[in-house]
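Each chain is listed here by its residues.
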Amino acid sequence: MKKIFYLIKHDIKDGARYNFKKYIFTVILFLVFCADVYSQYKIHTERCNVLFQPTICDYILYIFRGMREYDPNLSEAFNIPAAWFAVQLGIAYFVGNYPTKDTEGYGIQYIIRSGSKCLWVASKCIYSAIATVQFYLIGYVVVAFWALLFGRFEFSLSEDIGMYISNINAEVITDSIFVICVLVLPLLTSIAVSIFQTVLMLVVRPIYSYLAIIVIVSASAYYKTYFLPLNYSMIFRMSPIVAGGLDPYIAVIIDIFLIILTVIFGCAIIRKFDFLEKRL
Amino acid sequence: MKKFIKIEIRRIIDSKRFWLVLLIGCAITVSQYISNVLPCIQYMNIYEKKDFSMLMPFEWYSKWIGGEYYTLQSFLYFIVLPLLCVIPWGDSLYTDIKTGYTKNLFIRGKKGHYYAAKYISSFFSGGVIAVVPLLVNIMLSCATLPSLVPETAAGTNPIFSTSMWADLYYSFPDIYVILYMLIIFVYGGLFTLTSVTLGAFVENRFIVILMPFIVYLFSYTVLGSFGFAEYVPYYFLSPAQKVNGISLDIIVIEAMLLFLITGLVFIYKAKHDETL
């Protein structure tokens, strides 16, 4: 047990150094989203539609709202909301190729000295989860800071902002729905997907793993189904918000199940597969 | 320089990644054909059997992957385009420098010739990867649906009167498609060139390959959010022209800028490379 703590400690330290530039990228990304909400707020203020400035929750809701189920028969172009799409791919970029860094150079020493390949995989999966949490934390801090300067530093939802900017009825979003659908589910789903990305990196090179994540993100936006987990990170796909939506509690269970299954699968792969030599 | 170009092209063709990426690209475009073009056959049969004299039959110009904007595959292909173009050859300069391969070449030829050959081969590698899967899709679609000149009254075409080259699309659609393929080829090449250029300076191979896509995605996010979608390569590279206001000027200026930046960096590297 001690060994896994050493491995995680090393990953957090080394990962922070390795990902330093990516922290800046994350900050810029969230600043862009906040500026987008603020510019829309300004437009609606001039039209007298919106009376109050956006709160922290308004900004977060806008970023993680995703999109409604797409209907190709309407002949509208299929486009994924930029904020949600960039967050999902930003996390994949943030996790990046760090988990496989140990397969090159002196990094192999870590695999040898950890004593167990399975332990090493588990530590990398935990690192991916921590990196995802870091990404979200940076995002929330940026949003809070922006709200402090250009909005209201409050944890409530504004009906006007919801209606005119996020296109969502904020009245139906109770505190518990907000916590589960906007705070817990996107984070949990991102953790599950980033662990999947890490395990996939054991079989294929990081760039193909990233490509697979792009496919999953795009397919999740296109089809509303429990089988594509990134549906759970969109509030527009959840049953309290839209009729016939996905049940958030089932989504939480699936996410947890997915995380456990992926780690077990990763351990099974690494025992059978020579990932240092035979990776695609 | 011819010798270097030959070597570089041989290396690209022999690379497994080149064929793998072509396969991935073709898988996307062929699946679009299966899900979007092939089902049209049943409607064609209905059209032939009954007397629908006022009904416009489907033509492939509005059904192939570049001619529509409502399938997942169409979105996916144009969003991953920079990544697909870059994977096989984007990190070639990086690996050549890291492995010392350039040293072997520099004692057999001029540095300038190597860089020029690298520039040309990278450009063509990216261009071929961008265009070949689309050509496969076009060939399959042509074999399934008729090549009727699109009719505005049919209301099934994505090009409006204000769209770029709208006249051309509704009079000579083949030329429209060919010109768009040329644009996609050039941008495919430019994505690869950007990545190869970064390989001369950046230490992380993953970043070298991913950076053109990150910039592409960033433009989709930032410019798209603030109402400048017509400047976003994702929107103007699709022959279906997913937004209004796309103009040839923007496409040419952005391409020229990329050519200029990558070209200047290559010239600088060729003159100041102190390997050997």
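Everything numeric in this text was worked out from a predicted model, so none of it was measured.

Enquirer: Would you take a moment to explain the overall build of chain B for this structure?
Expert: Counting secondary structure elements, chain B contains twelve helices and zero strands. Each helix and strand of chain B, ordered N terminal to C terminal, gives the series α-α-α-α-α-α-α-α-α-α-α-α. Along the three orthogonal principal directions, the C-alpha set of chain B runs to about 75 × 40 × 30 Å. Here chain B, with 276 residues, has 45% of them falling under the buried criterion.

Enquirer: What am I meant to see in the confidence of the model for chain B here?
Expert: Detailed reading of predicted coordinates is not advised where the pLDDT is low. Confidence in the prediction for chain B averages 90 pLDDT; 96% of positions are at 70 or higher. Predicted as a complex, the structure gets a pTM of 0.92 and an ipTM equal to 0.91.

Enquirer: Is there a simple way to think about the nonpolar core in this case?
Expert: General note: in soluble globular proteins, nonpolar side chains tend to be found buried as a group. Residue and element names in this part refer to chain A. Counting residues in each nonpolar core, the largest one holds 156 residues, and the members touching the most others are Tyr59, Ile60, Ile63, Val143 and Ile195. Counting residues per element, this core draws most heavily on helix α8 (residues 175-203), at 15 residues. Residue contacts for Ile195: discarding those within four places in its chain leaves Cys125, Ser128, Ala129, Ile259, Thr262 and Val263.

Enquirer: How should the interface of chain A and chain B be read in this particular structure?
Expert: Each side of the interface is counted separately: chain A has 22 residues, and chain B has 22 residues. Residue assignment for the side of chain A that touches chain B shows that the elements contributing at least two residues are α2 (20-46), α4 (82-95) and α9 (206-222) of chain A. Considering every element that reaches the side of chain A that touches chain B, the biggest residue donor is α9(A), with nine residues. Partitioning the side of chain A that touches chain B into residue classes produces 16 nonpolar, five polar and one charged.

Enquirer: When you look at the packing of helix α6 (residues 117-150) of chain A against α8(A) in this model, what are you seeing that I'm missing?
Expert: Geometrically, a packed helix pair is captured by the angle between its two axes and the distance between the axes. All names here are of chain A. Packing of α6 against α8 brings their axes to within 9 Å, and their N-to-C directions diverge by 140°. As judged from the angle between their axes, α6 and α8 are oblique. Considering the relative orientation of α6 and α8, their crossing is right-handed. Touching Lys124, Cys125, Ser128, Ala129, Ala131, Thr132 and Tyr136 of α6 are Leu187, Ser190, Ile191, Ser194, Ile195 and Thr198, all from α8.

Definitions and cut-offs
Residues numbered from 1 in each chain as written. Chains lettered and ligands numbered in written order. Predicted model: local features only at pLDDT ≥ 70, side-chain atom pairs only at ≥ 80, totals over all residues. Helix = DSSP H or I, 4+ residues; strand = E, 2+ residues; numbered from the N terminus. Buried ≥ 20, exposed ≤ 12 C-beta atoms within 10 Å, placed from the backbone. pLDDT = per-residue confidence, 0-100. Core = buried A, V, L, I, M, F, W, Y, C linked by C-beta atoms within 7 Å. Contact = placed C-beta atoms within 7 Å. Nonpolar A, V, L, I, M, F, W, Y, C, P; charged D, E, K, R; others polar. Axes fitted to C-alpha atoms, helices over the stretch in contact; angles between N-to-C directions. Parallel < 35°, antiparallel > 145°, perpendicular 65-115°, else oblique. Left-handed = near helix turned anticlockwise from the far one by under 90°.

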